[in-house]
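# Report on the structure
So the chains spell out like this:
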Amino acid sequence: MTTEKINIYDEITAKIITALEDGVNPWARSWKSSSLGPLRNAVSGRPYRGINTLVLSLTSMVAGYLDPRWLTLKNANQLGGRVRKGQKGTPIVFWKFISKEEGHEGGEEQPSNGEDENRKVFPFARRYTVFNVEQCDGLELEALELDGLEGFEIDEAEMNEQAEKIIALPNLQHGGDRACYLPSADKIFMPPRSAFTTLNHYYSTGYHEITHWTKHPSRLDRDFDRRFKVPKEAKAMEELVAELGAAFLGGHTGVPFEDMQHPEYIGSWLQSLKNDNKAIFTAAAKAQTATDFVLDKAGISVQGSNLPEAAEA
C-alpha cells in the first residue's frame, strides 16, 4: 500500500516538473477544448477534480486531444467499444479515505464511516489509468462537434454569463494598470476591461485574483506560512493555487487559460515540487476547494462537486 502511494505522487510530480522545465504550461486549455466543457468521465459525466484536472489537461495539450471525456478500460467495454492497441493511458488518482484509531499505532486501517470520534481520517491515493475518448474505437457515445470547431471563431466580445456572476462576487475596483488582490483592504484591483486584449483574458485574470480573494480568514482562511517557513516559498505556493484556481474556474465556465500569468514563479514552483512530491497535490486540492467555494457563491451548479477527488496531501 505504501509503495503504490509513493509511486503515484512521484509519477505525477515528475510529469509536472518535466512540463515546467520544458516551458510547457501544465494547466493550459485552449478555447476549443474549454468550449466543450470540463474534463469529465465519459460514462458518468462527472467532472474530474483537483490533481486529476491538472494531469488530464497536460496530457490533452501534449497529445492534442480536444474531447474532454475520459474513461477506463472497463468504461470502454461498458460503452461497447475498445481502446486502440498501442494507446498509452494516463494515470489519475482516486482518493480513498481511511481511518485509524488514535493511540493505536500500527492498528488496522479501515474505511471511515464518520461515526467514531476516536478515529482520525487520512486520504489514501489509489492509482487508476484512463484514456481519452479519442484513443478509442466503437464507443456508443454521443459525438461532440469537434470538426465544427475548426472553422468556428469565438466571439470574444460576447459576455459570458457565468463568468460575469463570478466577477461580481468580490469587492472589485477597476482602474490603474495592475491586477492584484489586497488582503488588508480585502479588495481586488483590476485594470479596466478595455485594457485587456480579449474578454477571456479579462475573465481569466479576474479568476486568478478571485482565487487569491478566497484565502481571506472570513472565507477559506488559507495560509501557507505554517507549511513553508520561507515567506518567498509560501508566496510562490499561493500563486500556484491562484494559477490552478483560475484554470479550474475556466474549465467550468468555458474560459480558456492558455497563458501562464506569473511565469516568474516557475523557479520557485520547481524547487517546491522537487523538495516535496506532495506539494502539487496540495496546491491542486487547495485550488479545487477555492473553485468549489467560488462556484457555490456564484450559484453555479457543478455535477459531482461534493465527491472526494481533491484531497490534500
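Our subject is the structure that appears above.
What comes next concerns the included structure. (Residues numbered from 1 in each chain as written. Predicted model: local features only at pLDDT ≥ 70, side-chain atom pairs only at ≥ 80, totals over all residues. Heavy atoms only, no water.)

## Some details on the overall build of the protein chain
Note the following rule: Secondary structure elements are defined from DSSP: runs of H or I of at least 4 residues count as helices, runs of E of at least 2 residues count as strands, and each element is numbered from the N terminus. We call two residues in contact whenever any of their non-hydrogen atoms come within 4.5 Å of each other. Under the convention used here, a 1.4 Å probe and the Shrake-Rupley method define accessible areas, while residue burial counts only the protein chains that appear.
Counting its regular elements, the protein chain contains 9 helices and 10 strands. Sequence separation of 24 or more characterises 74% of the internal contacts of the protein chain that already satisfy a separation of 6 or more. Of the accessible surface of the protein chain, which amounts to about 15500 Å², a share of 48% is contributed by carbon and sulfur atoms.

## With respect to helix 6 (residues 199-213)
Worth spelling out the cut-off: To estimate the expected span of a helix, subtract one from its residue number and multiply by 1.5 Å. Classification of residues uses two cut-offs on accessible area relative to the type maximum, computed with a 1.4 Å probe and protein chains only: under 20% is buried, over 50% is exposed, and between them is partly exposed.
Taking 1.5 Å of rise per residue, 15 residues should cover 21 Å, and helix 6 covers 21 Å from first to last C-alpha, within 8% of that figure. Of all the 15 residues making up helix 6, 14 are buried; the element is thus mostly covered by neighbouring parts of the structure.

## Brief notes about the packing of aromatic side chains
We apply this condition: Aromatic rings from Phe, Tyr and Trp, taking only the six-membered ring of Trp, are treated as a pair when their centres fall within 6.5 Å; an angle between ring planes under 30 degrees marks them as stacked, one over 60 as edge-to-face, and anything in between as tilted.
Scanning the entire structure with this criterion turns up 11 aromatic pairs. Between the aromatic rings of Tyr9 and Trp95, the centroid separation amounts to 6.4 Å while the plane-to-plane angle is 40°, which identifies the pairing as tilted. On the criterion of sequence distance, the pair formed by Tyr9 in helix 1 (residues 2-21) and Trp95 in strand 4 (residues 90-101) is long-range, its members being 86 residues apart. Per residue, the accessibility class of Tyr9 equals that of Trp95, and both read buried.

## Overview of the sheet that holds strand 8 (residues 172-174)
The test is simple: Should DSSP find at least two bridges between two strands, the strands are regarded as paired. The convention used is that axes are lines fitted to C-alpha atoms, helices contributing only their stretch in contact, and that angles between N-to-C directions extend from 0 to 180 degrees.
Ordered in space as 8-10-9, the 3 strands form an open sheet in which the pairing is mixed. Among the strands making up the open sheet, the edge pair consists of strand 8 and strand 9 (180-182). For this sheet, the mean inter-axis angle between neighbouring strands, taken without regard to orientation, is 25°. By the bridge criterion, 3 bridges tie strand 9 to strand 10 (residues 187-190) in an arrangement that is antiparallel. Residue pairing across strands places Tyr181 opposite Ile188, the latter belonging to strand 10. Against the sheet, helix 6 makes contact with strand 8, strand 9 and strand 10, and its axis sits at roughly 160° relative to strand 10, the strand it touches most.

## Regarding unusual backbone geometry
A positive phi angle is found at Asp186, which is not glycine, with a value near 55°. Relative to the assigned elements, Asp186 resides in the loop between strand 9 and strand 10. At Asp221, a residue that is not glycine, the phi angle is positive and equals roughly 50°. Within the secondary structure layout, Asp221 lies in the loop between helix 6 and helix 7 (231-253).

## A closer look at the pairing of strand 10
Alternating positions in strand 10 separate cleanly, Ile188 and Met190 being buried on one face and Lys187 and Phe189 remaining unburied on the opposite face. Of the strand pairs in this sheet, strand 8 and strand 10 are connected by 3 bridges, and their pairing is parallel. Of the residues in strand 10, the one forming a bridge with His174 is Met190. Where strand 9 hands over to strand 10, the hairpin turn is made up of 4 residues, of which Asp186 adopts a positive phi near 55°.

## Quick word on the packing of helix 6 against helix 7
Defined as follows: We call two directions roughly parallel when the angle between them is under 35 degrees, roughly antiparallel when it is over 145, roughly perpendicular when it lies between 65 and 115, and oblique otherwise. Two helices cross in a left-handed way if the nearer one is turned anticlockwise from the farther one by less than a right angle. They cross in a right-handed way if the turn is clockwise. Residue type decides the class: Asp, Glu, Lys and Arg count as charged, Ala, Val, Leu, Ile, Met, Phe, Trp, Tyr, Cys and Pro as nonpolar, and the leftover types, Gly among them, as polar.
Running from N to C, helix 6 and helix 7 cross one another at 125°; their axes reach a closest spacing of 8 Å. Taken as axis vectors, helix 6 and helix 7 run oblique relative to one another. Here helix 6 and helix 7 pass one another in a crossing that is right-handed. Residues Ser204, Tyr207, His208, Thr211 and His212 of helix 6 lie in contact with helix 7, whose contacting residues are Glu238, Glu239, Val241, Ala242, Glu243, Gly245, Ala246, Leu249, Gly250 and Thr253. Its residues placed into classes, the contact of helix 6 with helix 7 shows 5 nonpolar, 7 polar and 3 charged.

## Some words on the pattern of salt bridges
Quick note on the threshold: Think of a salt bridge as a Lys or Arg side-chain nitrogen and an Asp or Glu carboxyl oxygen that are within 4 Å of each other.
Taken as a whole, this structure holds 11 salt bridges when the rule is applied. A salt bridge links Arg222 to Glu238; the nearest nitrogen and oxygen atoms lie 2.9 Å apart. Pair noted here: Arg222 is in the loop between helix 6 and helix 7 and Glu238 is in helix 7, with a separation of 16 residues, a long-range link. Take Arg222: its relative accessible area is 7%, and that puts it in the buried class. Two residues, Asp276 and Arg227, come together in a salt bridge whose shortest N-O distance is 2.5 Å. Taken as a pair, Asp276 in the loop between helix 8 (266-275) and helix 9 (279-297) and Arg227 in the loop between helix 6 and helix 7 lie far apart in primary sequence, 49 residues in all. With a relative accessible area of 21%, Asp276 lands in the partly exposed category. With relative accessibility at 33%, the residue Arg227 sits in the partly exposed group.

## With respect to the packing of helix 7 against helix 8
The N-to-C vectors of helix 7 and helix 8 enclose an angle of 100°; their axes lie 9 Å apart at closest approach. Comparing the axis directions of helix 7 and helix 8 gives the class roughly perpendicular. On the side of helix 7, the interface is formed by Lys232, Ala236, Met237, Glu239, Leu240 and Glu243, while helix 8 contributes Ser268, Trp269 and Ser272.

## Re the environment of Ala168
Topologically, Ala168 is positioned in the loop between helix 5 (161-167) and strand 8. A C-alpha to C-alpha distance of 8.3 Å links Ala168 and Ala298, two positions 130 residues apart in sequence.

Nothing here speaks to function; it is all geometry.
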